[in-house]
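Architecture at a glance
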Amino acid sequence: MTERQPAGPPLGVLVVDDDFMVGRLHRDFVGRLPGFEVVGEARTGAEALAKAKALCPDVVLLDVYLPDLSGLEVLERLRSADLPPIDVLMITAARDTATVSRAMQFGAVHYLIKPFSFADLAERLRQVAAARRHLTQHAEEPLGQADVDRVFGSVRPVAEPSRGLPKGLSEPTMDLVVAELREQSEDESAAEFGDRVGLSRVSARRYLEHLVKVGWVEVALKYGTTGRPERRYRWTRL
């Protein structure tokens, strides 16, 4: 399935890794994801800071182990520099508690342990883009608690809906359902969604209700003149 190009200009990504081959792999990963483009690469901490100031990327993929400065020191300096907001994703083999804790304290939005898959990185970059988009859309109005929860929740790993599925639901179909829901901005009934993705109304409703249960989809009731109200589903996770 080809991903739809998100609206608006792509987010610029600076890839920071001392290993040329690893950096190129991460660059290729970003290049495969609509809505993002690599604007530069750096092999050292000093180069990362210089390119961040020169290029003003939206996102930095930052390794911890660099030949001159620790990635954590780079992160701390980025936070204290006079720069536009930068979302930093730590991408590293470091897995000790102290490093993870410091990355969190210095404001990293995600921490991804090597090796990882394209899907792992893509999911986290989508979350960053969605949080930025939500804040931009509401820039001229005060945010409610639900808006704040959505933004902060979007930059934290959450349980995948395909984990621990009820009996009768399959992971491949759930992945399809999630992918299709991401592309639909309007609410729809189980019957409408089923017709769109090739599922029966009953099957579509079972998958949709599971996503409601885990908090990825919201449901609203549409009242007609007669009969029961219609349940309308809409993707709500950023």
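Refer to the structure printed above.
Since the structure is predicted, the reported quantities are computational estimates derived from the model, not experimental observations.

A word on the overall build of the chain. When its secondary structure is counted, the chain shows 9 helices and 8 strands. Across the 238 residues in the chain, those meeting the buried criterion constitute 42%. For the chain, the proportion of contacts with a sequence separation of at least 24, taken over those separated by at least 6, is 62%.

Overall, antiparallel pairing links the 3 strands, which are arranged S6-S8-S7 in an open sheet. Two strands in the sheet have a free side with no partner beyond their single neighbour: strand S6 (188-189) and strand S7 (217-222). In this fold helix H9 (residues 201-213) packs onto S7 and strand S8 (230-235), with an angle of close to 60° to the strand it touches most, S8.

Under the defined criterion, the tally for this structure stands at 3 aromatic pairs. When the centroid spacing of 5.5 Å and the interplanar angle of 85° are considered together, the rings of Trp-216 and Trp-235 count as edge-to-face. With Trp-216 in the loop between H9 and S7 and Trp-235 in strand S8, this pair connects stretches of sequence that are 19 residues apart. Residues Trp-216 and Trp-235 agree in their burial class; the two are buried. When the ring centre of Phe-118 is taken as origin, the NZ or CZ atom of Arg-32, which lies over that ring, is 3.9 Å away.

In this section: the packing of helix H2 (residues 45-55) against helix H3 (residues 71-80). As a packed pair, H2 and H3 sit with axes 10 Å apart at the nearest point and diverge in direction by 25°. As summarised for this structure, H2 and H3 are arranged roughly parallel, according to the angle between their axes. Relative to H3, the crossing made by H2 is right-handed. Counted together, Gly-45, Ala-48, Leu-49 and Ala-52 of H2 and Val-74, Arg-77 and Leu-78 of H3 form the full contact between these two elements.

About the thresholds
Starting from 1, residues in each chain are numbered consecutively following that chain's sequence as written. Only residues with pLDDT of at least 70 get local features here, since the model is predicted, and only at 80 or more are side-chain atom pairs given and counted; chain-wide, interface and lining totals rely on the full set of residues. Just so you know, side-chain values use all the structure's heavy atoms and leave hydrogens and water out. Numbering goes from the N terminus for both helices and strands, where a helix is a DSSP run of H or I of at least four residues and a strand is a run of E of at least two. Each residue is placed in one exposure class: buried if its accessible area under a 1.4 Å probe, protein chains only, is under 20% of its type's maximum, exposed if it is over 50%, and partly exposed if it falls in between. For this analysis, residues touch if any pair of their heavy atoms sits within 4.5 Å. A pair of strands is labelled paired if DSSP reports no fewer than 2 bridges between them. To get an axis, fit a line to the C-alpha atoms, keeping to the stretch in contact for a helix; angles then go from 0 to 180 degrees between the N-to-C directions. By convention, a stacked pair of Phe, Tyr or Trp rings (six-membered ring in the case of Trp) has centres within 6.5 Å and planes under 30 degrees apart, an edge-to-face pair has planes over 60 apart, and any other such pair is tilted. For a lysine, the NZ atom is tested; for an arginine, the CZ atom; a charge sits over a ring if that atom is within 6 Å of the ring centre and within 35 degrees of the ring normal. Throughout this description, any angle smaller than 35 degrees is read as roughly parallel, any larger than 145 degrees as roughly antiparallel, any in the 65 to 115 degree range as roughly perpendicular, and the remainder as oblique. Crossings are assigned a handedness: left-handed for a near helix turned anticlockwise from the far helix by less than a right angle, right-handed for a clockwise turn.

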